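Here are the chains, one letter per residue:
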Amino acid sequence: MIKHTNYLSRTYKLPDGHKLAAYEGVGGYKQARRALSTMKREDVVEEVKKANLRGRGGAGFACGVKWSFMRPHPTKPAYLVINADEGEPGTFKDRTIMELNPHSVVEGCIIGCLGIGAHAAYIDVRDELHLSKARLWEAIKEARAKGYLGKRPFGVDYEVEVYVHTGGGAYICGEETALLNSLEGRRGEPRFKPPFPAQVGAFGCPSTVNNLETIAAIPTALELGCEEFSKLSALHDVRDGGTRLFGVSGHVKTPGVFECCVGLTLRELVYDLGGGVLGDAKLLGVIPGGSSCPILRPEEIVHAPDEKSPLHRWHGQSVLDVPMGVDTYRALGTMLGTCCAIVLSDKADPVLAFHNLMRFYRHESCGQCTPCREGTGWIERILDKIVAGEGSMEELNLLHDVASGIMGNTICAFGEGAAMPALGFVQKFRPELEAYVTSGGKSGTGRLTP
Amino acid sequence: MAFALTPEREIELADIFGRYPNKMAATIPALHLCQDQNGWVSPEVVAFVAERCEVSVAHVQGVVTFYTLFNQKPVGQHQVWVCRTLSCALRGADDVLHHCEKRLGIHVGETTKDGKITLRTAECLAACGQAPMMQVDKDYHENLTLEQVDVILDRLKRS
Ligand SMILES: Cc1cc2nc3c(=O)[nH]c(=O)nc-3n(C[C@H](O)[C@H](O)[C@H](O)COP(=O)(O)O)c2cc1C
Ligand code: FES
């Protein structure tokens, strides 16, 4: 069932909703004030754990648990780093928060700093988002002028500073350790883990990296009470709580970003929020949460006869009717990712869609790890040939091997992010790929647009 | 000739240094600041940033070559970036791109003869719901039709 909410987006439609006055008009900064004046670090962490707020950046790790990994260091400060790199193809949700509700980010940063024992937060925004950066800086200045940031925010002796940092244009800098390198002024190459950022993060100090939407949800969670916040979700019982932004783009009538309770289904996202498939064409497939998530096809039926399976409740139903959650989607063999879906109608040639994405991954591989650097190149070149009608069955089979060879063999998750959708396309569009090979590239529509 | 920032930008650079616990961290913001003024990251800019951020020239060069937004050679007065990633491609990004090429008489990666416009492709710019889209200098243009593209390009040509 669709349950619209209006928390993260509460200022979106207000005149000058990005300004402090509008934000305070809807209760803004009360939670930061309350947290700083009445709560200790441990209280914040314990409370946020109850929100079951799964990271909105893609991996879905529970925010409160992540904060609890931070240990005070005898000599080093701690840092909160906010990931607003928003580079995952199909993802355009964080931008709406930065442009239309930037104060929720600042307030989230204040509470987050207290929760992890930090006194400074860096919001890393990709450089192209000029309006987002300007709005965040403006919000920071307004908050500082009001005494909500600085040495004694709200008159409490707990310094908090918030800064905007910007990278240089590289998708890989969304990966948290690459992001830390970008923040330190280095090439954005991912680092080996361990050590994890909670031990050695920004500037060699303990750090927490949170997605921008994750941190922007914190004031709401505290306002409602974290348990109540979690209960908004249809998946509260499996610890996937709250409300979040859902995006939908591609072949739908009304693309956009919508705030709803967790538990929305893909069918609702495509046919209700998205207004249905463009031109009322047939639905070919949906990439559910950014391009790294394997595609789902509407014909797929949930097979989960085992009562212990997280999907058992939906056994025998279409995948489109499974609530969109971190664990439900993992069990489906895909990922919830950023919760921004890309919709393909049957007017789109799936082989070209596959090609488009693999060109992206080849372009964005940072080149550190051989399996990823070479593998993404191989995949793109094979698809170049298949699309041109010059591919062979042997090469088609090679796609699977190359993609499998990347999995698990790289420093960061970019490798899986490229290989998993590749394996998904190879498996789910095998007949279309074979037809391309046997017909010399004449089988498809040759178009992505309707 | 050695590169120098305008006095206003020097103030901004001082502000940038104030945000980080060390100077190296200012490398990327400092490069953006210099490129805004100079149009591209020349060897003189690299030397300037290296000196001010107290890092080696090799370090700065390594950073410049890693990130796509730093121009390693001079570019046109205006940058037109057409997003070509999937959500935009599903909504006609290829048509927008080819239209730009035809209208400007150049290929992707090239600059018009008068030095006004450089045409480029971009990867997903977080505007997927408003596809197709392009970025012109610092501004986003979304839900594009080919007619709107014409208006935008004509305005740039006249500027
Ligand atoms: C290749 C790659 C790109 C990523 N891009 C982003 C991004 O643009 N924004 C983001 O928040 N997380 C991104 N992530 C996930 C981050 O590494 C990290 O998990 C996240 O920022 C943690 O925040 P969260 O727990 O609040 O979700 C990316 C991961 C990988 C492997
Ligand atoms: S695909 Fe073009 S903005 Fe995302």
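Residues numbered from 1 in each chain as written. Chains lettered and ligands numbered in written order. Predicted model: local features only at pLDDT ≥ 70, side-chain atom pairs only at ≥ 80, totals over all residues. Heavy atoms only, no water.

**Considerations on the overall build of chain A**
So, step 1. When you go through chain A residue by residue, the secondary structure sums to 17 helices and 8 strands.
So, step 2. For 450 residues, the compact-globule estimate of 2.2 N^0.38 gives 22 Å, and chain A sits close to it at 22 Å.
So, step 3. Counting only C-alpha atoms and orienting by the principal axes, one finds that chain A spans roughly 75 × 45 × 45 Å.
So, step 4. Buried positions account for 62% of the 450 residues belonging to chain A.
So, step 5. Pairs at least 24 residues apart make up 69% of the contacts formed inside chain A by residues separated by at least 6 positions.
So, step 6. Roughly 16100 Å² of accessible area belongs to chain A as shown, and the carbon and sulfur atoms make up 54% of that amount.
So, step 7. Averaging the coordinates of the 50 positive side-chain charges in chain A and doing the same for the 53 negative ones gives two points 4 Å apart. (Helix = DSSP H or I, 4+ residues; strand = E, 2+ residues; numbered from the N terminus. Rg over C-alpha atoms; globule rule 2.2 N^0.38 Å. Buried < 20%, exposed > 50% of the residue type's maximum accessible area, 1.4 Å probe, protein only. Contact = heavy atoms within 4.5 Å. Areas by Shrake-Rupley, 256 points an atom, 1.4 Å probe, with all protein chains shown as cover. Lys, Arg positive; Asp, Glu negative; His and termini not counted. Charge placed at Lys NZ, Arg CZ, Asp CG, Glu CD.)

**Observations concerning helix H2 (residues 27–38) of chain B**
So, step 1. Spanning 12 residues, H2 of chain B covers 16 Å between terminal C-alpha atoms, matching the ideal 16 Å at 1.5 Å per step.
So, step 2. Counted residue by residue, H2 of chain B has 9 buried out of 12 residues, so it is predominantly covered.
So, step 3. By the burial criterion, the buried members of H2 of chain B are Thr-27, Ile-28, Pro-29, Ala-30, Leu-31, His-32, Leu-33, Cys-34 and Gln-35 of chain B.
So, step 4. Packed against the buried residues of H2 of chain B are strand S3 (161–166) and helix H8 (176–183) of chain A together with helix H1 (7–17), helix H3 (43–53) and helix H4 (57–66) of chain B.
So, step 5. Looking one or two residues past H2 of chain B, Gly-39 of chain B carries a phi angle of roughly 90°, positive in sign. (Expected span 1.5 Å × (residues − 1).)

**Observations concerning the sheet that holds S3 of chain A**
All names here are of chain A.
So, step 1. Read from one edge of the open sheet, 4 strands run S3-S2-S1-S4, paired in parallel fashion. Taken across any chain shown, the strands that pair with only one partner, and hence form the sheet edges, are S3 and strand S4 (207–211). The mean angle between the axes of side-by-side strands here comes to 25°, regardless of whether they run parallel or antiparallel.
So, step 2. Examined bridge by bridge, strand S1 (residues 79–84) and S4 share 5 bridges and lie parallel to one another. Bridged to Tyr-79 within S4 is Ser-207.
So, step 3. Strands in contact with helix H6 (residues 102–116) are S1, strand S2 (120–125), S3 and S4; relative to S1, the strand with the most contacts, it is inclined by about 145°. (Pairing = 2+ DSSP bridges. Axes fitted to C-alpha atoms, helices over the stretch in contact; angles between N-to-C directions.)

**Description of the site of ligand 1**
Residue and element names in this part refer to chain A.
So, step 1. The environment of ligand 1 is formed by 18 residues, the closest being Gly-57, Lys-66, Asn-83, Asn-211 and Thr-214.
So, step 2. Measuring from an oxygen atom of ligand 1, one finds a backbone N or O atom of Glu-176 at 3.0 Å.
So, step 3. For ligand 1, whose unbound accessible area comes to 610 Å², protein coverage reaches 91%.
So, step 4. By residue number, the principal contributor to the shell around ligand 1 is S4, which donates 3 residues.
So, step 5. Looking at the shell around ligand 1, its residues break down into 4 nonpolar, 8 polar and 6 charged. (Near = heavy atom within 4 Å. Polar contact = N/O pair within 3.5 Å; in protein donor to acceptor, adjacent residues only side chain to side chain. Nonpolar A, V, L, I, M, F, W, Y, C, P; charged D, E, K, R; others polar.)

**A closer look at the interface of chain A and chain B**
So, step 1. Residue-level contacts link 58 residues of chain A with 41 residues of chain B.
So, step 2. Counting across the chain A and chain B interface gives 3 salt bridges.
So, step 3. Between Asp-95 of chain B and Arg-447 of chain A there is a salt bridge; the shortest N-O distance is 3.6 Å.
So, step 4. Our count for the contact surface shared by chain A and chain B stands at 20 residue pairs in polar contact (both at pLDDT 80 or more).
So, step 5. Those elements that provide at least two residues to the side of chain A that touches chain B are helix H7 (130–145), S3, H8, strand S5 (243–250), strand S8 (340–345) and helix H13 (350–364) of chain A.
So, step 6. The leading source of residues in the side of chain A that touches chain B is H13 of chain A, at 7 residues.
So, step 7. The residue inventory of the side of chain A that touches chain B, partitioned by class, reads 27 nonpolar, 18 polar and 13 charged. (Salt bridge = Lys/Arg side-chain N within 4 Å of Asp/Glu carboxyl O.)

**Here's the deal with the packing of aromatic side chains**
So, step 1. Scanning the entire structure with this criterion turns up 19 aromatic pairs over all chains.
So, step 2. Relative to Tyr-67 of chain B, the ring of Phe-66 of chain B lies with its centre 5.0 Å away and its plane at 75°, an arrangement referred to as edge-to-face.
So, step 3. We classify Tyr-67 of chain B as buried; its relative accessible area is 1%.
So, step 4. The interplanar angle of 90° and the centroid separation of 6.3 Å between the aromatic rings of Tyr-67 of chain B and Phe-70 of chain B together place this pair among those described as edge-to-face. Each member of the pair, Tyr-67 of chain B as well as Phe-70 of chain B, carries the same accessibility label: buried.
So, step 5. In this structure, Arg-381 of chain A packs its charged tip against the face of Trp-378 of chain A, placed 5.4 Å from the ring centre. (Phe/Tyr/Trp six-rings, centres within 6.5 Å; stacked < 30°, edge-to-face > 60°. Lys NZ or Arg CZ within 6 Å of the ring centre and 35° of its normal.)

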